[in-house]
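# Secondary and tertiary structure notes
Here's the letter readout for the chains.
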Amino acid sequence: MPSYAVIGGSRGIGLELVRQLAMSADNTVFATVRNKSSSTYLNELVAKSTLSNIHVLEAEVTDHRTLKAAAAAVAKVTNGSLDVLIHNAARMELANAYRGLTDYEDDDKLDTEFLDSFKVNVLGAIHAVNAFLPLLRKGSAKKIAVIGSEGGTPEFVWKLRLSNMAAYGTTKAAENLVAVKYAALLEPEGFTVVGICPGFVDTSSTAVEKPDDTIMSILGGLVARLPAISTNFTLISTEASVTRILSLVDSISTKDNGSFIEYVEYKKDD
Ligand SMILES: NC(=O)c1ccc[n+]([C@@H]2O[C@H](COP(=O)([O-])OP(=O)(O)OC[C@H]3O[C@@H](n4cnc5c(N)ncnc54)[C@H](OP(=O)(O)O)[C@@H]3O)[C@@H](O)[C@H]2O)c1
């Protein structure tokens with residue numbers, strides 16, 4: 001009975017991770033959400049599921065106490081263990097996600113957005129792993145996947161001249177490194193810790209915000225520049241993205257510990 005915890009399973013890629021994992025009756029799936037009652041897509045999935053193998057727990061990644069409480073609830077079901085942790089939650093509010101370094105009304109707003117993003121995207125990942133680590137140590141797979149982003153790599157940002165998405169990209173870069181820190185720390189214990197990029201994923205069907213004209217124009221510019229740098233980086237469905245992620249999670253082993261698995265394939269002459 002492999003057990004999986006998906007941190008941030010209410011919508012988007014996280015929701016699809018829960019849906020695909022829960023399709024196997026063998027799997028026990030724990031999904032953390034910030035707010036159970038407003039996680040309508042996940043609640044619908046749980047209501048429709050005939051396997052009763054999805055457990056929904058509340059956790060806010062900026063509050064380590066809630067993550068520890070979620071881990072304690074998981075331990076009660078699994079007898080203290082967890083096989084795989086997938087850390088998916090990220091701060092992606094549209095109002096700030098697309099801003100560049102000079103786009104803030106004032107420096108206080110810039111500070112606030114960078115610090116809030118750091119709390120969610122970096123400390124959130126650290127607190128999630130720390131909270132579930134005692135359970136993972138007792139699990140049989142000892143796998144941790146941190147959902148990363150090419151938007152947090154210097155190569156992608158430079159090739160695409162991606163000056164906006166500054167707080168998001170900077171903190172995802174730090175989160176990418178957090179995964180490597182855990183890989184180094186946990187190598188002697190036989191863990192496999194990887195970062196996995198999901199690709200450019202259309203999560204609009206479960207989004208809580210609609211992009212306005214400014215964001216659509218930034219996105220349009222970005223999409224128009226993609227073919228010049230990459231052969232494969234086009235908008236894909238959550239289903240396709242998650243099928244690939246879960247196939248990677250399944251196939252990785254200790255020889256992959258510390259790797260950062262990108263989706264993008266760059267054009268050779270770029
Ligand atoms: N979509 C893409 O094209 C893309 C590309 C590269 C990387 N990624 C990465 O893929 C992951 C999922 O992205 P997505 O597109 O599916 O995003 P999304 O649809 O915006 O979903 C974000 C998820 O994170 C949760 N979350 C946000 N802040 C949280 C907090 N403080 N505490 C706990 N949970 C929190 C949200 O929960 P609530 O419902 O409570 O807000 C939601 O479940 C992220 O790590 C993102 O960086 C996505």
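Relevant structure appears above.
Just so we're clear, the structure is a prediction, and the values are computed from it rather than from any experiment. (Residues numbered from 1 in each chain as written. Predicted model: local features only at pLDDT ≥ 70, side-chain atom pairs only at ≥ 80, totals over all residues. Heavy atoms only, no water.)

## A word on the sheet that holds strand E2 (residues 28-33)
- Taken in spatial order, the 7 strands line up as E3-E2-E1-E4-E5-E6-E9 in an open sheet, and their pairing is parallel. The two strands at the open ends of the sheet, each matched to only one other strand, are strand E3 (54-58) and strand E9 (260-261).
- Summarising the sheet, strand E1 (residues 3-7) and E2 pair through 5 bridges and their orientation is parallel. The partner of Ser3 across the bridge, within E2, is Thr28.
- On top of the sheet, helix H1 (residues 12-22) reaches E1, E2, E3 and strand E4 (84-87); it is set at about 165° to E1, its chief contact.
- The strands touched by helix H7 (residues 166-186) are E4, strand E5 (143-147), strand E6 (192-196) and E9; relative to E6, the strand with the most contacts, the crossing angle is about 165°. (Pairing = 2+ DSSP bridges. Helix = DSSP H or I, 4+ residues; strand = E, 2+ residues; numbered from the N terminus. Contact = heavy atoms within 4.5 Å. Axes fitted to C-alpha atoms, helices over the stretch in contact; angles between N-to-C directions.)

## Thoughts on helix H3 (residues 64-78)
- With 15 residues, H3 should reach 21 Å at 1.5 Å per residue; the first-to-last C-alpha distance of 21 Å fits that figure.
- For H3, the full list of buried residues reads Leu67, Ala70, Ala71, Val74 and Thr78. Down the axis of H3, the smallest arc covering the buried residues is 100°, so these residues share one side. Counted as exposed and oriented over 90 degrees from the buried face of H3: Arg65 and Lys76. (Expected span 1.5 Å × (residues − 1). Buried < 20%, exposed > 50% of the residue type's maximum accessible area, 1.4 Å probe, protein only. Arc of directions from axis to C-beta.)

## Brief notes about the pattern of salt bridges
- Evaluation of the coordinates by the stated rule reveals 11 salt bridges.
- Note that Glu93 and Arg91 form a salt bridge whose closest N and O atoms lie 3.4 Å from each other.
- Owing to a relative accessible area of 29%, Glu93 belongs among the partly exposed residues under this scheme.
- Salt bridges here are not isolated pairs; linked through shared partners, they connect Arg91, Glu93 and Glu113. (Salt bridge = Lys/Arg side-chain N within 4 Å of Asp/Glu carboxyl O.)

## Some details on the site of the ligand
- Contacts to the ligand come from 24 residues, most closely from Ser10, Arg11, Arg34, Glu60 and Tyr168.
- Glu60 is positioned with one of its side-chain polar atoms (N or O) 2.7 Å from a nitrogen atom of the ligand.
- In the environment of the ligand, an oxygen atom lies 2.8 Å from a nitrogen or oxygen atom belonging to the side chain of Lys172.
- Alone, the ligand offers 900 Å² of accessible surface; in the complex the protein occludes 90% of this.
- In terms of residue class, the shell around the ligand is built from 12 nonpolar, 8 polar and 4 charged. (Near = heavy atom within 4 Å. Polar contact = N/O pair within 3.5 Å; in protein donor to acceptor, adjacent residues only side chain to side chain. Areas by Shrake-Rupley, 256 points an atom, 1.4 Å probe, with all protein chains shown as cover. Nonpolar A, V, L, I, M, F, W, Y, C, P; charged D, E, K, R; others polar.)

## Looking at the side chain of Thr28
- Considering the arrangement of structural elements, one finds Thr28 in strand E2.
- Using a relative accessible area of 11% as the deciding quantity, one classes Thr28 as buried.
- The contacts of Thr28, once residues within four sequence positions are left out, are Met1, Pro2, Ser3, Tyr4, Asn53 and His55.

## A short note on the packing of H1 against helix H9 (residues 238-251)
- Following both chains from N to C, one finds H1 and H9 inclined at 65°, their axes separated by 9 Å at the closest point. The crossing of H1 and H9 is right-handed. Contacts between H1 and H9 involve Gly12, Ile13, Glu16, Leu17, Arg19, Gln20 and Leu21 from the former and Thr238, Glu239, Val242, Thr243, Ile245 and Leu246 from the latter.
- Tallied by class, residues from the contact of H1 with H9 come to 6 nonpolar, 4 polar and 3 charged. (Left-handed = near helix turned anticlockwise from the far one by under 90°.)

## A word on the nonpolar core
- If you look at the biggest cluster of nonpolar residues, it comprises 49 residues, and the most contacted ones within it are Leu17, Val18, Leu42, Ile86, Phe156 and Ile196.
- It is H1 that provides the largest number of residues to this core, a total of 6 residues.
- Contacts of Ile196, omitting those with residues within four sequence positions, involve Ala145, Val146, Ile147, Gly148, Arg244, Ile245, Leu248, Val249 and Ile261.
- Ranked by size, the runner-up nonpolar core spans 31 residues in total, among them Ala5, Leu82, Ala179 and Tyr182. (Core = buried A, V, L, I, M, F, W, Y, C linked by side-chain atoms within 4.5 Å.)

## Digging into the packing of aromatic side chains
- Applying the stated criterion to the full structure yields 3 aromatic pairs.
- With a centroid separation of 6.1 Å and an interplanar angle of 5°, the aromatic rings of Phe200 and Phe233 are classed as stacked. With Phe200 in strand E7 (residues 200-202) and Phe233 in the loop between helix H8 (213-229) and strand E8 (235-237), this residue pair connects regions lying 33 residues apart in the sequence. The two residues Phe200 and Phe233 agree in class, both being buried.
- What links up through ring pairs into an aromatic cluster is the set Phe156, Phe200, Phe233 and Tyr263.
- Over the ring of Tyr266 we find Lys159; its NZ or CZ atom is 4.3 Å from the centre of that ring. (Phe/Tyr/Trp six-rings, centres within 6.5 Å; stacked < 30°, edge-to-face > 60°. Lys NZ or Arg CZ within 6 Å of the ring centre and 35° of its normal.)

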